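# Chains, contacts and geometry: an overview
Here is how the chains run, residue by residue.
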Amino acid sequence: MSQQQVDEETPLLQPANQKKARTPLPWRQFSIILFLQLAEPLTSQVIAPFAPQLIRDIGITDGDETRVGYYVGLMGSLFFATQALTVLHWSRISDHIGRKPVILTGLFGLSISMYCFGLSRTFYGLVLSRALNGALNGNIGVIKSMMVELTDSTNLAQAYAYMPIAWSSGGAIGPLIGGSLSRPADRFPNIFGHSQFMKTYPYFLACAVPATFSVLAWVVTFLFLQETVPTRVTLWQLLKGKSREHSASLKGPVTSTGSTNSLSTGDTSQRAKADGSKPLPLRSLLIPRVIIAAGNYAALSFLDIAFRAVQPVFFATPVELGGLGLDPPRIGNILAIYGVINGLFQIFFFADLHDRFGSKIIYTVSMAVAIPMVITLPILNAVARVQGLSLTVWAIIGLQLVLSMILNLAYSCVFIYIAAASPNQASLGATNGIAQLGVSIVRTIGPASATSTFSLSIQNPHHAWIVYYYMIALVCIGICASLLLPRQLWKNTH
């Protein structure tokens, strides 16, 4: 260690832990990634405002209003059910053939499936469209891997602070598109009133906008996005088994020991350090820290997707049945406002909050905030029964949006934990794939279980609170899972 030069201007007391300056973000590639991320929230959120009315229109409920929530939740679960079957494979493939080909395939799937969704006139058509969407789309984990590969430890939190821009913008624009462009022949009779096509397919225009955006995103990816995986094989080589040479020396038993504050495996970390440029086999990734990070991501996503599934159905359900009785345009406006304020809050505050409090504290507090967020739902209905859609009701809706915004801070924290959990840089895609697999499974269960429980709640006044007990139980599970996360991020990673 070199001796530090000392003179009369040298401070006598040096700071114990001087923080490194943040590395500037690579804005050209980073902005492309943010642009690509818009495709998913657009395609998923555009259907939220009109999904209850769509289910009524296709007639599968036979006029039974209490069954609408069940079918809305089932439709929302289909995407994640098929994604759970393929997302890990897409993520692992991206470690070998590169991120870009997998992203292009996912964007193609998003576009085709949304066009098909808008042309569907039966529930089975909607099922096939959502299944196609999930099966071809492995972009979620792959894009997160690219974000980590473009950053370092000094600017990773800043990068994840910008990540909600895409999701919040898509979450704001999507509901606006869905609420404004659904049933255009009725809403804009002067423009679309004479179009038989728009009368036959009243939701095609709303679906065609995000589908066309996915086509544009595909072109941008193909022309401008740079690959971040340094060593790659072709898909043909991978299918033939030549890529096995990449992990042949890595195969072997892995033992896992350690506490929650030092969750590492000796064999795996040594193997990762010795050959950090090669993806590890799947069994070498199933270590405690990966499982803990993925488990917390799953717990957070279960709670979030359950609440997001119930929220628009609650808004659309008549007041006398336990909801607020809002129409699709108002629902779209509420979700859009939330998307805007959530994105701005994450951009301007998350990185500084993370630097001050760390991932563990922010994550745990964000999960705890979900309890009052859930309780705002029955309070809203109780106030609406007495006062109607009064100023008090809208104030409580505003409080609900603020609490939801705080809950979303947990996502950036858990993404940082997942990135730190990867044993080496080359296995980042597979690590994100494992995490996304768990999330896809719980998101398969979440919408259908939550909306079905909501339907049960409004069918019987004696069971009116069962859906809220259910969601509060999910919050408690998430808080318990957060106790396993270490205060300091896991070491010996990229």
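Shown above is the structure to which this text applies.
Below is a short write-up of the structure. (Residues numbered from 1 in each chain as written. Predicted model: local features only at pLDDT ≥ 70, side-chain atom pairs only at ≥ 80, totals over all residues. Heavy atoms only, no water.)

## So, the overall build of the chain
Our working definition: Going along the chain from the N terminus, every DSSP run of H or I of four or more residues is numbered as a helix, and every run of E of two or more is numbered as a strand. The rule is simple: take the accessible area with a 1.4 Å probe, protein chains only, and divide by the maximum for that residue type; under 20% is buried, over 50% is exposed, in between is partly exposed. Residue exposure ignores everything except the shown protein chains as possible cover, and the areas themselves are Shrake-Rupley values with a 1.4 Å probe.
Counting its secondary structure elements, the chain contains 22 helices and zero strands. Counting the 494 residues in the chain, one finds 56% classified as buried. For the chain, the exposed surface amounts to about 21,600 Å²; the carbon and sulfur share of it is 63%.

## Observations regarding the packing of aromatic side chains
Centre distance and the angle of the planes are the two values used to describe a pair of aromatic rings. Let me state the cut-off plainly: Working definition: a ring pair exists when centres of Phe, Tyr or Trp rings (six-membered ring for Trp) sit within 6.5 Å. Plane angles under 30 degrees give stacked, over 60 give edge-to-face, the rest tilted.
A complete count under the given rule lists 19 aromatic pairs for this structure. Taking 5.3 Å as the distance between ring centres and 80° as the angle between the ring planes, the aromatic pair formed by Tyr71 and Phe123 counts as edge-to-face. Residue Tyr71 is located in helix 4 (residues 68–97), and its partner Phe123 is located in helix 6 (residues 123–136); the two are separated by 52 residues in the primary sequence. Relative to Phe204, the ring of Phe197 lies with its centre 5.3 Å away and its plane at 85°, an arrangement referred to as edge-to-face. An aromatic cluster is built from Tyr115, Phe197, Tyr201 and Phe204, whose rings are joined through pairwise contacts.

## Regarding the nonpolar core
Quick reminder of the rule: Throughout, nonpolar core names a set of buried Ala, Val, Leu, Ile, Met, Phe, Trp, Tyr and Cys residues whose side chains join them through atoms within 4.5 Å. Throughout, a residue-residue contact means that at least one pair of heavy atoms, one from each residue, lies within 4.5 Å.
If you look at the biggest cluster of nonpolar residues, it comprises 126 residues, and the most contacted ones within it are Tyr160, Phe314 and Leu324. At 16 residues, the largest contribution of residues to this core is made by helix 16 (residues 288–316). Leave out the neighbours within four places in its chain, and Leu324 touches Phe314, Phe315, Thr317, Val319, Leu380, Ala384, Leu389, Val393 and Ile397.

## Side note on the side chain of Ser455
Following the sequence through the fold, Ser455 ends up in helix 21 (residues 428–459). A residue is classified by how much of its surface remains accessible, and Ser455, at 4% relative accessible area, is buried. If near-sequence neighbours (up to four positions away) are discounted, Ser455 is found in contact with Thr66, Gly69 and Tyr70.

## So, a nonpolar patch on the surface
Quick reminder of the rule: Like charges within 9 Å and nonpolar side chains (Val, Leu, Ile, Met, Phe, Trp, Tyr) within 5 Å are joined into patches, using only residues over 30% in relative accessible area that form no salt bridge. Each salt bridge in this description consists of a side-chain nitrogen of Lys or Arg and a carboxyl oxygen of Asp or Glu lying within 4 Å of one another.
A cluster of nonpolar side chains, namely Phe108, Ile112, Val215, Trp218, Val219, Phe222, Leu223 and Phe224, defines an oily patch on the protein surface of about 730 Å² accessible area. No other element matches helix 12 (residues 204–224), which puts six residues into the nonpolar patch. Counting through the fold element by element, Phe108 comes out in helix 5 (residues 99–119).

## Some points on helix 19 (residues 391–407)
We count it as follows: Helices are assigned an expected span. That span is 1.5 Å times one less than the residue count.
The terminal C-alpha atoms of helix 19 lie 25 Å apart, and with 17 residues this matches the ideal 24 Å at 1.5 Å per residue to within 8%. All of the buried residues in helix 19 are Val393, Ile396, Ile397, Gln400, Leu401, Leu403, Ser404, Met405 and Leu407. Where the residues of helix 19 are buried, they touch helix 16, helix 17 (328–368), helix 18 (370–387) and helix 20 (409–421).

## Some words on the side chain of Ser129
Put simply, the rule reads: Nitrogen and oxygen atoms within 3.5 Å of one another constitute a polar contact, given that in protein one can donate a hydrogen and the other can accept it, and given that sequence-neighbouring residues count only through two side-chain atoms.
Looking at where Ser129 falls in the secondary structure, it is placed in helix 6. The class for Ser129 is buried, based on a relative accessible area of 5%. Among the polar contacts listed, one links the side chain of Ser129 to the side chain of Ser120, at a separation of 3.4 Å.

## Some words on the environment of Ile334
When you line up the elements, Ile334 lands in helix 17. For Ile334, a relative accessible area of 6% corresponds to the buried category. For the pair Ile334 and Pro312, spaced 22 residues apart in sequence, the C-alpha to C-alpha distance is 9.5 Å. Once you skip the residues sitting within four places of it in the chain, Ile334 turns out to touch Phe315, Leu326, Trp394, Ile397 and Leu401.

## Details of the pattern of salt bridges
This structure, assessed with the given rule, holds five salt bridges. In this structure, the salt-bridge partner of Asp186 is Arg183, at a minimum N-O distance of 3.1 Å. By relative accessible area, Arg183 is classed as partly exposed at 30%. A salt bridge links Arg308 to Asp304; its shortest N-O distance comes to 2.9 Å. Placement of the pair is Arg308 and Asp304 together in helix 16, with a separation of four residues, close to one helical turn. Comparing Arg308 with Asp304, the two get one shared label, buried. One continuous salt-bridge network, built from bridges that share partners, spans Asp57, Arg183 and Asp186.

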